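# Examining the three-dimensional arrangement
Single-letter residue listing:
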Amino acid sequence: MSLKDDLRITGEAAKRTFRGFYRSVKLTVKAASDKLNDTPQKENELSGEGLKQSWLEVGSDLGQTGLSLGKVIVGASKKAAGAAYNALERAEDSIEKHRK
């Protein structure tokens, strides 16, 4: 897989992570607000285990995003190191040619 593909996957993972984070914060604030106001909970609203699962998904997504980002950093570093090594070899070859 290319570095560009790895970066695209990382961007998608980050987007999913922050979308889930926003959703979990929104649900948590609503649940806390409803509890403070003694508002009866509707049947389809998340609470307790649902909120816990929502936050677990955010944590999992964050971990996946971190792994993807690490892969991009390693790939970019290898590519940069390879380019630097090739430039050094060309410079050494050029110096050798001038010495002769």
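The structure contained in this document is the topic of the report that follows. (Residues numbered from 1 in each chain as written. Predicted model: local features only at pLDDT ≥ 70, side-chain atom pairs only at ≥ 80, totals over all residues. Heavy atoms only, no water.)

### Looking at the packing of aromatic side chains
The geometry of two aromatic rings is summed up by the distance between their centres and the angle between their planes. Put simply, the rule reads: Each Phe, Tyr or Trp ring (for Trp, its six-membered ring) is paired with any other whose centre lies within 6.5 Å, and the angle between the two planes then decides the class: stacked below 30 degrees, edge-to-face above 60, tilted in between. Secondary structure counts use DSSP, requiring at least four H or I residues in a row for a helix and at least two E residues in a row for a strand, with both numbered from the N terminus.
Within the structure shown, the criterion is met by one aromatic pair. Here the aromatic rings of Phe21 and Trp55 are separated by 5.7 Å at their centres, their planes lie at 80 degrees, and the arrangement is edge-to-face. Of this pair, Phe21 sits in helix 1 (residues 3-36) while Trp55 sits in helix 2 (residues 49-99), placing them 34 residues apart in sequence.

### Points about the side chain of Thr17
Put simply, the rule reads: Should any heavy atoms of two residues lie within 4.5 Å, those residues are counted as being in contact.
Residue position: Thr17 is located in helix 1. Not counting the four nearest positions on each side in its chain, Thr17 is found in contact with Val58, Asp61, Leu62 and Thr65.

### Quick notes on helix 2
Here is the rule: Here a helix's expected span is defined as the number of its residues, less one, multiplied by 1.5 Å.
End to end, helix 2 covers 74 Å across 51 residues, agreeing with the expected 75 Å (1.5 Å per residue, within 8%). The inward-facing, buried residues of helix 2 contact helix 1.

### So, the pattern of salt bridges
Side-chain pairs of opposite charge can arise whenever the charged atoms involved come near each other. Test applied: For salt bridges, the criterion is a side-chain nitrogen of Lys or Arg within 4 Å of an Asp or Glu carboxyl oxygen.
Applying the stated criterion across every chain, the model contains four salt bridges. Ionic pairing is found between Lys71 and Asp6, a salt bridge with its closest N-O pair at 3.9 Å. Taken as a pair, Lys71 in helix 2 and Asp6 in helix 1 lie far apart in primary sequence, 65 residues in all.

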